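Summary of the model geometry
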Amino acid sequence: VAATTAFVAGSGCQKEEARCSICYMPIPPETRVVISVNGGSPKAACDARCPLTYQHETGQKVKLLQVTDYETGKRLDPKDAVYVTGSDVAPDAHTEALRVTPADTAYLHWHRCLPSVLAFRKREDALRFQQAHGGTIMTLADLGFADNR
């Protein structure tokens, strides 16, 4: 009975992780965006770079419907946000150790959606972040979403 109880208590009780509708990776809450592809239904994506990469690779028109303020986690209208792209912060990137020699290890930092695109509610927050982490300040128009023009 104890083994059965442990099995039942441990199965099906975990909350399923939100996954990106494009790359199927877990969605970091601080970079979550909502998009529409070719005017279709809204879908969640891991960050703003992922749908931009998808648009570039497929030629389909992507519209950014909602972004998340990186600092507060609050949802924003994409037109109201200021973006930092190419900083040294990439919340959904992965680090993998690679053995170079028996004594040395190199680390590969990767994600299909690098460089990162982070949204901020206020320009001064984006500038402060940029000073600490590098990158380029952009507007929604600068990013190049086909359906947000």
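Check the entry above for the structure.
Quick summary incoming for the structure in this document. In this text the structure is predicted, and so the values were computed from the model without any measurement. (Residues numbered from 1 in each chain as written. Predicted model: local features only at pLDDT ≥ 70, side-chain atom pairs only at ≥ 80, totals over all residues. Heavy atoms only, no water.)

1. A short note on empty space enclosed by the protein
To keep things clear, this is the line we draw: A cavity, in this analysis, means grid points on a 1 Å lattice covering only the protein atoms where a 1.4 Å probe fits yet has no way out; a pocket is instead an open set bounded by protein on both sides within 12 Å along at least five of seven lines, and a residue lines either one if it has an atom within 4 Å of a point. Grid points are joined across faces, edges and corners, and a volume is the space filled by probe spheres set on the points. The helix and strand labels rest on DSSP assignments: H or I over at least four residues marks a helix, E over at least two residues marks a strand, and numbering proceeds from the N terminus. Basically, the charged four are Asp, Glu, Lys and Arg, the nonpolar ten are Ala, Val, Leu, Ile, Met, Phe, Trp, Tyr, Cys and Pro, and anything else, Gly included, counts as polar.
Within the structure shown, the criterion is met by one cavity of 30 Å³ or more. Of the voids in this model, the largest cavity is the one considered here, and its volume is about 50 Å³. What lines the largest cavity is E30, T31, V33, A48, V67, T68, V117, L118 and A119. For the lining of the largest cavity, the secondary-structure elements that each account for two or more residues are strand 3 (62-68) and strand 8 (117-120). Classifying every residue of the lining of the largest cavity by side-chain character gives six nonpolar, two polar and one charged.

2. With respect to the pairing of strand 5 (residues 82-85)
How we decide: Accessibility here uses a 1.4 Å probe with only protein chains present; expressed as a share of the type maximum, an area under 20% marks a residue as buried, one over 50% as exposed, and anything in between as partly exposed. For two strands to pair, DSSP has to find at least two bridges joining them.
Residue alternation in strand 5 divides its side chains into two sets, V82 and V84 and Y83 and T85, and both sets are buried. Two strands pair when backbone bridges link them, and strand 5 and strand 8 are joined in this way by four bridges, in the antiparallel orientation. Directly across from T85, in strand 8, lies its bridge partner V117. Pairing analysis gives three bridges linking strand 5 to strand 9 (residues 136-138), with the strands arranged antiparallel. By the bridge assignment, T85 is partnered in strand 9 with T136.

3. Observations regarding the sheet that holds strand 8
Just so we agree on the cut-off: Simply put, an axis is a line fit to the C-alpha atoms, just over the touching stretch for a helix, and the angle between two N-to-C directions goes from 0 to 180 degrees.
Overall, antiparallel pairing links the three strands, which are arranged 8-5-9 in an open sheet. In this open sheet, the two edge strands, each paired with only one partner strand, are strand 8 and strand 9. Within this sheet the neighbouring strands show an average axis-to-axis angle of 30 degrees, counted without direction.

Remember, this is a structural readout, not a statement about activity or role.
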